[in-house]
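Residue strings, one per chain:
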Amino acid sequence: MRMSRTTLQITALACVLATGVAVAQQSTISTLRPTPPTEDETPPPMRPAIDTDIREVRNYPEQPPVIPHDIEGYELSANFNKCLSCHERAATGQSQAPMVSVTHYIDRHQQVLAQVSPRRYFCTQCHVSQTEDAPLVANTFIDIDTLIGMSQESE
């Protein structure tokens, strides 16, 4: 009996997945959790957000800017967006806050809109407030300017 190509591919995929599950069960999984998820733990208190008007330097060109102020209690729902009360194009003259990027007014079909695009409406999907916390994992990221400087020094 001859197996179809699709059946053969599905069988091969099932074998690969089964092997992967067996290997994963044998190895130890590292985690950032201090206790197993089955145990109750009192979470540490929330750290206060950095609340300054100083703009943080971006590490790469497409990095969304961080939020330089506290947003505790801000409503971000389908009915209202507190961020836009200061950062929307029409509000920046009064608030003196930076206007959201013009890319936020372009929809997925590259059409320019009068209002913020629905896909850019929920700000905290990309933008975050900052706290004075120590990193949870080691970070060896080097921004492009530092990398270029290192390569020029070595020449």
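Quick notes on the rules
- Residues numbered from 1 in each chain as written.
- Predicted model: local features only at pLDDT ≥ 70, side-chain atom pairs only at ≥ 80, totals over all residues.
- Heavy atoms only, no water.
- Phe/Tyr/Trp six-rings, centres within 6.5 Å; stacked < 30°, edge-to-face > 60°.
- Lys NZ or Arg CZ within 6 Å of the ring centre and 35° of its normal.
- Helix = DSSP H or I, 4+ residues; strand = E, 2+ residues; numbered from the N terminus.
- Polar contact = N/O pair within 3.5 Å; in protein donor to acceptor, adjacent residues only side chain to side chain.
- Contact = heavy atoms within 4.5 Å.
- Buried < 20%, exposed > 50% of the residue type's maximum accessible area, 1.4 Å probe, protein only.
- Patch = residues over 30% accessible without salt bridge, like charges linked within 9 Å, V, L, I, M, F, W, Y side chains within 5 Å.
- Areas by Shrake-Rupley, 256 points an atom, 1.4 Å probe, with all protein chains shown as cover.
- Salt bridge = Lys/Arg side-chain N within 4 Å of Asp/Glu carboxyl O.
- Lys, Arg positive; Asp, Glu negative; His and termini not counted.
- Charge placed at Lys NZ, Arg CZ, Asp CG, Glu CD.

1. Here we look at the packing of aromatic side chains
- For the structure on display, the rule yields one aromatic pair.
- Taken together, a centroid distance of 5.1 Å and an interplanar angle of 90 degrees make the contact between Tyr-121 and Phe-122 edge-to-face.
- Taking the ring centre of Tyr-74 as reference, the NZ or CZ of Lys-82 above it sits at 5.8 Å.
- It is Arg-89 that lies over the ring of Tyr-105; its NZ or CZ is 4.2 Å from the centre.

2. Regarding the side chain of Thr-92
- The topology assignment puts Thr-92 in helix α3 (residues 92–95).
- For Thr-92, the side chain forms a polar contact with the main-chain oxygen of Arg-89, separated by 3.2 Å.
- Apart from the residues lying within four places of it in its own chain, the contact partners of Thr-92 are Cys-86, His-87, Ala-97, Pro-98 and Met-99.

3. Here's the deal with the environment of His-104
- Of note, His-104 is situated in the loop between α3 and α4 (144–154).
- For His-104, a relative accessible area of 13% puts it in the buried group.
- Counting along the chain gives 15 residues from His-104 to Arg-119, while the straight-line C-alpha distance between them is 8.2 Å.

4. What to know about a negative patch on the surface
- On the surface, Asp-51, Asp-53, Asp-70 and Glu-72 cluster together into a negatively charged patch.
- Here Asp-70 is to be found in the loop between α1 (5–26) and α2 (84–87).

5. What about the pattern of salt bridges?
- Inspection of every chain in the model, using the stated rule, returns one salt bridge.
- We note a salt bridge from Arg-47 to Asp-133, for which the minimum N-O separation is 3.4 Å. A residue pair is termed long-range when its members are at least 10 positions apart, and Arg-47 in the loop between α1 and α2 and Asp-133 in the loop between α3 and α4 qualify at 86 residues.
- On the accessibility criterion, Asp-133 (44% relative accessible area) is partly exposed.

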